[in-house]
Amino acid sequence: MSAPIIRSLDDLRRQTAQWRRKGEVIGVVPTMGALHEGHLSLVRAARAACDRVIVTLFVNPRQFNSPEDYAKYPRTEEADAALLGPLGIDALFVPDGAEVYPSDHATVISVSGISEPLEGRFRPGHFDGVATIVTMLFNMTQADRAFFGEKDWQQLQLIRRLVADLKLPVEIVACPTMRADDGLALSSRNQRLSAQARGQATALPAILMQAAAAIETGDNPDRVLDETRERLAASGIGPVEYLELCDARTLHAPQPGSPRRLLVAAWLDGVRLIDNVAVSDAPPTR
Ligand code: AMP
């Protein structure tokens, strides 16, 4: 059986009001659909931690940088509802574009600082679109907990900032990146890779993880990053938009003693791939 679909905010509010009256904990998993195992892992985490689970499906036009990418984004609602069926969610909320963004909609949520480097540099306005829709989804679903993937690391940190700054009554739960057997992070956009490019794409996580390991063993990060750019180019991946070692929380330059993250965005076969991995502290020098 497919998951039960709710399309209007009125219907959703009627449902969540009932749950809240009974004191049930509501979890939300925001998605843009074209669901894969990565999304399903978030849903399973929500199922395990909440009494009620709402998955939202909305391809948010405001977070796309090009109308072309928005138009080409896969839309597979029926298959998504079927995939969610066995997971026993309580609602698949598929809001109508005109209800989310009526013609007089005028409010934009902008999180400064953390939205500026990396993705922010290459996708201007993207994070305003993300912050605005996520705030609306929190308000619409009245969720107590919201589940996000580490695959979109900068987005996850930005949402944590947003929730803290606006005192939103929702707990953010981070879930690890799900990967294909060959290491490539699952992504709805991977469907657009040709078979040959899909084969080449496996080099991205492999090279990224080797770079993280080299930095962890004490190699000079700048040198490692230069070599990594060369290795990516040699494996046919590029252009590389960014490859940076950052403070894991602020996404700015790494600070001594703070957790670090290595993040990459690169093009392959007309598809933009992103990935990130943790970089632990260098072992103490002997
Ligand atoms: P999207 O539909 O791409 O907007 O993603 C919806 C949610 O699923 C976001 O919180 C993503 O970070 C998460 N997600 C996407 N791909 C993966 C993955 N491979 N592993 C874990 N979470 C993911």
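Scope of this entry: the structure provided in the associated data block. (Residues numbered from 1 in each chain as written. Predicted model: local features only at pLDDT ≥ 70, side-chain atom pairs only at ≥ 80, totals over all residues. Heavy atoms only, no water.)

Oppositely charged side chains can pair when the atoms bearing their charge come close. Applying the stated criterion across every chain, the model contains 21 salt bridges. Here Glu77 and Arg7 are joined by a salt bridge, their closest N and O atoms 2.6 Å apart. Remark: Arg7 occurs in the loop between strand S1 (5-6) and helix H1 (9-21) and Glu77 occurs in helix H4 (residues 77-84); sequence separation between them is 70 residues. Residue class for Glu77 comes out partly exposed when judged on its relative accessible area of 28%. Measuring nitrogen to oxygen at the nearest pair gives 2.8 Å for the salt bridge that ties Glu37 to Arg44. With relative accessibility at 41%, the residue Arg44 sits in the partly exposed group. (Salt bridge = Lys/Arg side-chain N within 4 Å of Asp/Glu carboxyl O. Helix = DSSP H or I, 4+ residues; strand = E, 2+ residues; numbered from the N terminus. Buried < 20%, exposed > 50% of the residue type's maximum accessible area, 1.4 Å probe, protein only.)

With that settled, the discussion passes to the nonpolar core. The biggest cluster of nonpolar side chains holds 43 residues, and the ones touching the most others in it are Ile133, Val134, Phe138, Phe148, Leu158, Ile159 and Ile172. Mapped onto this core, the elements with two or more residues apiece are H1, strand S2 (26-31), strand S4 (91-93), helix H7 (126-141), strand S5 (145-149), helix H8 (153-165), strand S7 (240-247) and strand S8 (260-268). A per-element tally of this core places H7 first, with nine residues. Excluding residues within four positions of it along the chain, Ile159 makes contact with Val130, Val134, Phe138, Phe148 and Ile172. Membership of the second largest hydrophobic core comes to 26 residues, among which are Leu184, Ala211, Leu232 and Leu243. (Core = buried A, V, L, I, M, F, W, Y, C linked by side-chain atoms within 4.5 Å. Contact = heavy atoms within 4.5 Å.)

Looking now at the side chain of Ser188. In this fold, Ser188 is placed in the loop between strand S6 (171-175) and helix H9 (195-201). When its relative accessible area of 4% is taken as the criterion, Ser188 is described as buried. A distance of 3.4 Å separates a polar atom in the side chain of Ser188 from the backbone oxygen of Gly33. At a separation of 3.1 Å, a polar atom in the side chain of Ser188 contacts the main-chain carbonyl oxygen of Ala34. Non-local contacts of Ser188, meaning those with residues more than four positions away in its chain, are made with Gly33, Ala34, His36, His39, Tyr73 and Pro74. (Polar contact = N/O pair within 3.5 Å; in protein donor to acceptor, adjacent residues only side chain to side chain.)

Moving on, we get to the site of the ligand. Contacts to the ligand come from 16 residues, most closely from Met32, Gly149, Asp152, Met178 and Leu186. One of the side-chain N or O atoms of His39 is found 2.9 Å from an oxygen atom in the ligand. Note that a nitrogen atom of the ligand is positioned 2.8 Å from one of the backbone N or O atoms of Met178. Surface burial for the ligand is 93%, taken as the share of its 490 Å² of free accessible area covered by protein chains. Of all elements in the fold, only S2, helix H2 (37-49) and S5 reach the threshold of two or more residues within the shell around the ligand. Considering every element that reaches the shell around the ligand, the biggest residue donor is H2, with three residues. Among the residues forming the shell around the ligand, the class breakdown is eight nonpolar, six polar and two charged. (Near = heavy atom within 4 Å. Areas by Shrake-Rupley, 256 points an atom, 1.4 Å probe, with all protein chains shown as cover. Nonpolar A, V, L, I, M, F, W, Y, C, P; charged D, E, K, R; others polar.)

An order of S7-S8-S9 is seen for the three strands of this open sheet, with the pairing classed as antiparallel. The open sheet terminates on both sides in strands that have one partner only, identified here as S7 and strand S9 (271-279). Recorded for the sheet is a direction-independent mean angle of 10° between the axes of neighbouring strands. As defined by bridge partners, S7 adjoins S8 across seven bridges and the pair is classed as antiparallel. The residue bridging Glu244 from the neighbouring strand is Leu263, located in S8. The strands touched by helix H11 (residues 221-234) within the sheet are S7 and S8, with S7 carrying the most contacts at an inclination of about 155°. (Pairing = 2+ DSSP bridges. Axes fitted to C-alpha atoms, helices over the stretch in contact; angles between N-to-C directions.)

Our focus in this paragraph is the sheet that holds S4. Pairing within the open sheet is parallel, and its six strands lie in the order S1-S4-S3-S2-S5-S6. The open sheet has two edge strands, S1 and S6, and neither has a second partner. Note: S5 against S6, five bridges, orientation parallel. Pairing of Phe148 across the sheet is with Ala174, part of S6. The sheet contacts of H1 involve S1, S2, strand S3 (52-57) and S4, and relative to S3 the element is tilted by about 160°. In this fold H8 packs onto S5 and S6, with an angle of close to 170° to the strand it touches most, S6.

Topologically, Asp69 is positioned in helix H3 (residues 67-72). By relative accessible area, Asp69 is classed as buried at 16%. Separated by 3.4 Å, the side chains of Asp69 and Arg192 make a polar contact. Setting aside residues up to four positions removed in sequence, Asp69 forms contacts with Phe64, Arg123, Arg189 and Arg192.

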